[in-house]
Amino acid sequence: MAAKFLTLACIRNESFGGLSPRPHYPSMPKYPKGVSETDKDVEGSEAKAAFSVIGMTCSACAGSVEKAVKRLPGIREAVVDVLNNRAQEETIRETIEDVGFEATLIQDHQTTGKSSQVCRIRINGMTCTSCTSTVESALQALHGVQKAQVALATEEAQVHYESKIISHNQLLEAIEDTGFEAILISTGEDMSKIQLKVDGIGTDNSMRIIENSLRALPGVQDIDIDPTVYKFSLSYKPDMTGPRNFINVIESTGTGRYKATIYPEGGREVHRKEEIKQYYRSFLWSLVFTIPVFLTSMVFMYIPGLKHGLDTKVVNMLSIGEILRWVLSTPVQFIIGRRFYSGSYKALRHGSANMDVLIALGTNAAYFYSVYSVLRAATSQDFKSTDFFETSSMLISFILLGKYLEVLAKGKTSDAIAKLMNLTPDTAILLTLDSEGNVISEEEIDSRLIQKNDVIKILPGAKVASDGFVIWGQSHVNESMITGEARPVAKRKGDTVIGGTVNENGVLHIKATRVGSESALSQIVQLVESAQMAKAPVQKFADRISKYFVPLVIVLSLSTFLAWFLAGKFHGYPKSWIPSSMDSFQLALQFGISVMVIACPCALGLATPTAVMVGTGVGASQGVLIKGGQALESAHKVNCIVFDKTGTLTIGKPVVVNTRLLKNMVLQEFYELVAATEVNSEHPLAKAMVEYAKKFREDEETPTWPEAKDFISITGHGVKGIVRNKKIIVGNKSLMLDQNIVVPADAEDMLGEIEATAQTGILISIDGEMAGVIAISDPLKPGARDVISILKSLKVKSIMVTGDNWGTANSIAQEVGIETVVAEAKPEQKAEQVKNLQASGYVVAMVGDGINDSPALVAADVGMAIGAGTDIAIEAADIVLMKSNLEDVITAIDLSRKTFSRIRLNYIWALGYNLLGIPIAAGALFPSSGFRLPPWIAGAAMAASSVSVVCCSLLLKYYQRPRKLDALEMQGVKVE
């Protein structure tokens, strides 16, 4: 017996839980066309259930089940799928069984929806790539985790996980089990979040009252309360509610006794500042103890009066100087140096070894040997002790200084994000309007309290407080901080504005459309942050080395100690080599400790991520958004670029320049039919024809066109539909031939003339007969020819692949200097062309702007989307060119080459330092020159190597784009 399927939508009182009904692209409408504002509440509280219905044999059975279920209260829709054998509530099951069939509830992934989420977690306490590998492995081992990335430079983890299998709290626990502190930054659920601090709460009961009042609000998804600091964290749907509503509800509860404010944020910058302060304090405290230790062991020994005082014996051979050094170095070793013990314990507990292990071993060897030496002197009448207390305390002090300088420098690598975040103004002027749109009142509010559909007033010289569109006024807005575009952009009613940009001369009233994490600025910050998370493939090299680095150094250190000790024991070197203040054992111990503390795995671990961080930050400030290390690494190898034509090499604002009719009809009627068909298309050429058609209806501000029935868009060829009972086809010659429409000789001649002048010819057929030819021109971007010639000088091959006809494509290619052209290509053919080039051995970059370019953008080694293009193209690309300027293709390639040469330099320095430093510390130069590195100098060298790698990466901040580009005047291209 076949089991049939019934899928139904039932109204529930609870929400979707972790699932979000929001689509993937941020600028697409949240609700399908036809769903009214009032339907939203219903949409949000709807659930689907699928039942296996056994016993159905035909569509009549299916019909009877469907009718029975639809009669139940709360059922909006019920569908029975007889072919696929598919049909929570007990009532539904019983109803199906009452009709005479057996029903069982199916719980499978096909009906539960997508539950994959991404969360970001800050991890405190990581020092080198060994730490990141430990955390990464622990996360990857969890059931339900799809992918985990841990970045050392940002000290953050990005985890892709199945929210139905594992929660973000379990991810935090897994990280804390590895011995690091984990703080959740975001859960990646598609909803806005805000944290409020409430003053005036006296009891648990008042906290419960506030919580219940907030939960009652529509759109509130989740509330998390921290009673110790009276912090309420709310997750909500910005379409339905917002932070001002929450504050009003809290303050109106309890007769005005409560006061709510936005909780001060503890972002990455706050954490970084705290870390810098911590290292600075530790370093200063270590100096307080280390300087006296250094003076008593290195300086006062050469001042007669002081030397005598310090050498005074207390018990047997134990002197005052030794007691002083022991007392002073102990707090440095165990209190100030506690972080190294805890770090090495956590690492060893998970079977890995990091830099903390090396420091702990080195300092412990020096400290405990000194303790042994001092205790032996106290119990012996003839043993002359030599202590190394200054070695352990100075070592810790220098390493803390190095760490302080390192976090200081690392903080500067994320300056780009800090600058972007500071673009939003602190306050905004909120307008209250009456039903006719007149301003009733103005109120200054915190810009974080702006809600969707608020009307905001922007004064001249002020920053735009939110993404939105102008509803009143006109002005010029400087968008250079977001797009890199130098010239102010004119804004009038209906134009969109971006939050964080600067209004120049007029007053604007704007309606907020995207607030909080949905704003363009937040999206750019998120993009740059996730780019800094993504590891470049070259980083794998450092990760591989770090696995074996620490154990290898420990083996080398012990081997050095044994070699020198045995050589001394069996008189393998002259006694004159041993300094007067120590014996052969102590000399061997010093060499062993020096090897252990000079080796630096940190420099290797920081070589790539710091350069990628600075490189992506510099790119963002130049209007080039690079999505991570993979894109950076691929871009520096690019030796072939495939360009789309429309909107990439050309301005992308085509205009109709000529129309020729092939049958007797009024031009206005001809354009009415064309516009009615093309108004449904997103293609730039379609928009040009619709714009031209509007000229025949100048009296109407927004003309409405006749309805096009049976509309079909044939990507890369054209469109067809039925308008006023006439079959209209608009497109290229190949579409006409496909539809068996004869193209007369005079139309062929017209097409030839149009294409010879680098214009695009569009053919129009009405009821199967050729009716006219429209000539559309899309001017070339100024300087496009120069960009192609600069790419040639960089030994990069340029190819044009376009859906346009061969004639236009060849004329444009000749104009810009491109030799290889592929025309009349469909989207999948563009992607195929990219793959063919890759098969020929090229590293291919694709530059495009439209939906039809997205398959090729994905197929290319590096996809570059023009910023003015569609969301889908931008989503598919690896690099986004915000300014829509072709010159930025060169900037992106040049920046990636500069960043990679910096990464190579970092690796040469980090590896070279270790390969040179370890043999010198092991005493390679000692036999010939008597030169040896005391452990505390070796420790200082180790700290300096990390700092120098970070500083080397920071030099990228002074990146200048190639001088050849400065001569190109490519900004401010405008088409009237």
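What you see as residue numbers is a count from 1 along each chain, following the sequence as written. This being a predicted model, a pLDDT of at least 70 is required before a residue's local features are given, and a value of 80 or more before pairs of side-chain atoms are given or counted; all residues contribute to the totals for chains, interfaces and linings. Heavy atoms from the whole structure form the basis of all side-chain values; hydrogens and water molecules are not counted.

Novice: Describe in detail the overall build of the protein, supporting the description with residues and values.
Specialist: Helix and strand assignments follow DSSP, with helices taken as H or I runs no shorter than four residues and strands as E runs no shorter than two, numbered in order from the N terminus. Assigned secondary structure in the protein consists of 35 helices and 36 strands. For each residue, the accessible area found with a 1.4 Å probe, counting protein chains only, is set against the maximum for its type, and the residue is called buried under 20%, exposed over 50%, and partly exposed in between. The proportion of buried residues among the 976 residues of the protein is 52%. Values of accessible area rely on a 1.4 Å probe in the Shrake-Rupley scheme; residue burial ignores everything except the protein chains shown. Counting only carbon and sulfur atoms, one obtains 55% of the accessible surface of the protein, whose full area is about 44000 Å².

Novice: Any details on the sheet that holds strand S12 (residues 259-262)? Residues and values, ideally.
Specialist: One open sheet holds the four strands; their spatial order is S10-S11-S9-S12, and the pairing between them is antiparallel. Either end of the sheet is taken by a strand with one partner, and the two such strands are strand S10 (220-226) and S12. Put simply, the sheet's adjacent strands are angled 30° from each other on average, direction ignored. In short, DSSP must find at least two bridges between two strands for them to pair. Pairing of strand S9 (residues 192-199) with S12, which is carried by four bridges, proceeds in the antiparallel orientation. The residue of S12 that forms the bridge with lysine 197 is threonine 261. Only heavy atoms matter for contacts: two residues are in contact if any of them lie within 4.5 Å across the pair. Under this scheme, a helix contributes an axis fitted over its contacting stretch, all axes are lines through C-alpha atoms, and angles between N-to-C directions fall in the 0 to 180 degree range. Each of S9, S10 and strand S11 (231-236) is contacted by helix H7 (residues 204-215), which is oriented at about 165° to S10, the strand it contacts most. Most of the contacts of helix H8 (residues 243-252) go to S9, to which it runs at about 25°, and overall it touches S9, S10, S11 and S12.

Novice: With reference to specific residues and values, describe the side chain of glutamate 136.
Specialist: Take glutamate 136: it is sitting in helix H5 (residues 129-140). Within 3.5 Å is the distance limit for a polar contact, defined as a pair of N or O atoms, with the added protein rule that one can donate a hydrogen and the other accept it, and that residues adjacent in sequence qualify only through two side-chain atoms. Here the side chain of glutamate 136 touches valine 150 through a polar contact of 2.9 Å, landing on its backbone nitrogen.

Novice: Describe the sheet that holds strand S20 (residues 489-491), with residues and values.
Specialist: Pairing within the open sheet is antiparallel, and its three strands lie in the order S20-S19-S22. This sheet does not close on itself; its edge strands, each paired only once, are S20 and strand S22 (502-503).

Novice: If you had to explain the packing of aromatic side chains to someone new, which residues and values would you point to?
Specialist: Between the rings of Phe, Tyr and Trp (Trp by its six-membered ring), a pair exists once the centres lie within 6.5 Å; its type follows the angle of the planes, with under 30 degrees stacked, over 60 edge-to-face, and the other angles tilted. Scanning the model with the defined rule gives 26 aromatic pairs in all. Summarising the aromatic geometry, the rings of tyrosine 369 and tyrosine 372 are spaced 6.1 Å apart at their centres and angled 50° between planes, so their arrangement reads as tilted. Here tyrosine 372 and tyrosine 369 lie together in helix H13 (residues 355-379), a separation of three residues that amounts to about one turn. Owing to a relative accessible area of 9%, tyrosine 369 belongs among the buried residues under this scheme. What makes tyrosine 372 partly exposed here is its relative accessible area of 45%. Pairwise contacts between aromatic rings join Tyr369, Tyr372, Phe388, Phe561, Phe565 and Phe585 into one cluster.

Novice: I'd love a proper account of helix H11 (residues 320-336), names of residues and values included.
Specialist: The terminal C-alpha atoms of H11, which comprises 17 residues, lie 24 Å apart, in line with the 24 Å expected from a rise of 1.5 Å per residue. Serine 329 marks the point of greatest bend in H11, at about 30°, and the proline proline 331 comes within the next four residues. Among the residues of H11, those classed as buried are Gly321, Glu322, Arg325, Leu328, Ser329, Pro331, Val332, Gln333 and Ile336. Each residue after the first adds 1.5 Å to the expected span of a helix. Bending is quantified residue by residue as the angle between axes fitted to the seven-residue window ending at that residue and the seven-residue window starting at it.

Novice: Give a description of a negative patch on the surface that names residues and reports values.
Specialist: By definition, no residue in a patch forms a salt bridge, and every one has over 30% relative accessible area; like charges are joined within 9 Å, nonpolar side chains (Val, Leu, Ile, Met, Phe, Trp, Tyr) within 5 Å. Any Lys or Arg side-chain nitrogen found within 4 Å of a carboxyl oxygen on Asp or Glu counts as a salt bridge. His is not counted, nor are the chain ends, whereas Lys and Arg count as positive and Asp and Glu as negative. To locate a charge, take atom NZ for lysine, CZ for arginine, CG for aspartate or CD for glutamate. A contiguous patch of negative charge on the surface is contributed by Glu173, Glu176, Asp177 and Glu181. Turning to its location among the elements, glutamate 173 is positioned in helix H6 (residues 168-177).

Novice: Run through the nonpolar core, naming residues and quoting values.
Specialist: Ranked by size, the top nonpolar core spans 115 residues in total, and within it Ile121, Val159, Ile641 and Ile879 carry the most contacts. If one sorts the elements of this core by residue count, helix H32 (residues 887-921) sits on top with 12 residues. Sequence-distant contacts of isoleucine 121, that is, excluding residues within four places in its chain, are made with Glu155, Glu156, Ala157, Val159, Leu171, Leu172, Ile175, Ala182, Ile183, Leu184 and Ile185. Only buried Ala, Val, Leu, Ile, Met, Phe, Trp, Tyr and Cys residues count toward a nonpolar core, and they belong to the same one when joined by side-chain atoms within 4.5 Å.

Novice: Provide a residue-level description of the pattern of salt bridges, including the pertinent values.
Specialist: Tallying each qualifying case throughout the model produces 23 salt bridges. Note that glutamate 669 and lysine 726 form a salt bridge whose closest N and O atoms lie 3.4 Å from each other. Placement of glutamate 669 in helix H23 (residues 667-678) and of lysine 726 in strand S29 (residues 726-731) is noted, with a sequence separation of 57 residues between them. Residue glutamate 669 is classed as partly exposed on the basis of its relative accessible area, which comes to 30%. Its relative accessible area of 28% is what places lysine 726 among the partly exposed residues. Beyond isolated ion pairs, a larger network of salt bridges with shared partners links Glu672, Arg697 and Arg724.

Novice: Give me the lowdown on the confidence of the model for the protein, citing residues and values where you can.
Specialist: Mean pLDDT over the protein: 80, with 86% of residues reaching 70 or higher. Counting contacts from residues 1-45, a segment whose pLDDT is below 50, to residues more than four positions away or on other chains yields 118 contacts. Values of pLDDT, ranging from 0 to 100, describe the predictor's confidence in every residue of the model. Long-range and interchain partners of residues 969-976, a stretch whose pLDDT sits below 50, account for 21 contacts in this model, where long-range means more than four residues apart.

Novice: Lay out the pairing of strand S35 (residues 862-866) with the relevant residues and their values.
Specialist: Counting buried positions along S35 yields five of five residues, so the element is predominantly enclosed. Side chains Val862, Met864 and Ile866 project from S35 onto one buried face, and the interleaved Gly863 and Ala865 project onto a second face that is buried too. With four bridges connecting them, strand S34 (residues 844-848) and S35 associate as parallel partners. Bridge assignment links glycine 848 to a residue of S35, and that residue is alanine 865.

Novice: Describe the side chain of asparagine 914, listing the residues and the values that go with them.
Specialist: Positionally, asparagine 914 belongs in helix H32. Judged by relative accessible area, asparagine 914 falls into the buried class, the value being 5%. With sequence-adjacent residues up to four places away left out, asparagine 914 is seen in contact with Phe549, Ile598, Ala599, Cys600 and Pro919.

Novice: How would you sum up the packing of helix H18 (residues 539-569) against helix H19 (residues 584-598)? Please name residues and give values.
Specialist: Closest axis-to-axis distance for the H18/H19 pair is 8 Å, and the angle between their directions is 160°. Judged by the inter-axis angle, H18 sits roughly antiparallel to H19. Viewed along their axes, H18 and H19 form a crossing whose handedness is right-handed. When H18 is examined against H19, the residues Val553, Leu556, Ser557, Thr560, Phe561, Trp564, Phe565 and Gly568 are found in contact with a partner set consisting of Ser584, Phe585, Ala588, Leu589, Phe591, Gly592, Val595 and Met596. Each residue gets one of three labels, nonpolar for Ala, Val, Leu, Ile, Met, Phe, Trp, Tyr, Cys and Pro, charged for Asp, Glu, Lys and Arg, and polar for the others, Gly among them. Looking at the contact of H18 with H19 residue by residue, the class counts come to 11 nonpolar, five polar and no charged. When describing relative orientation, an angle under 35 degrees is termed roughly parallel and one over 145 degrees roughly antiparallel, while 65 to 115 degrees is termed roughly perpendicular and anything else oblique. The crossing is said to be left-handed when, going from far helix to near helix, the turn is anticlockwise and less than a right angle, and right-handed when the turn is clockwise.

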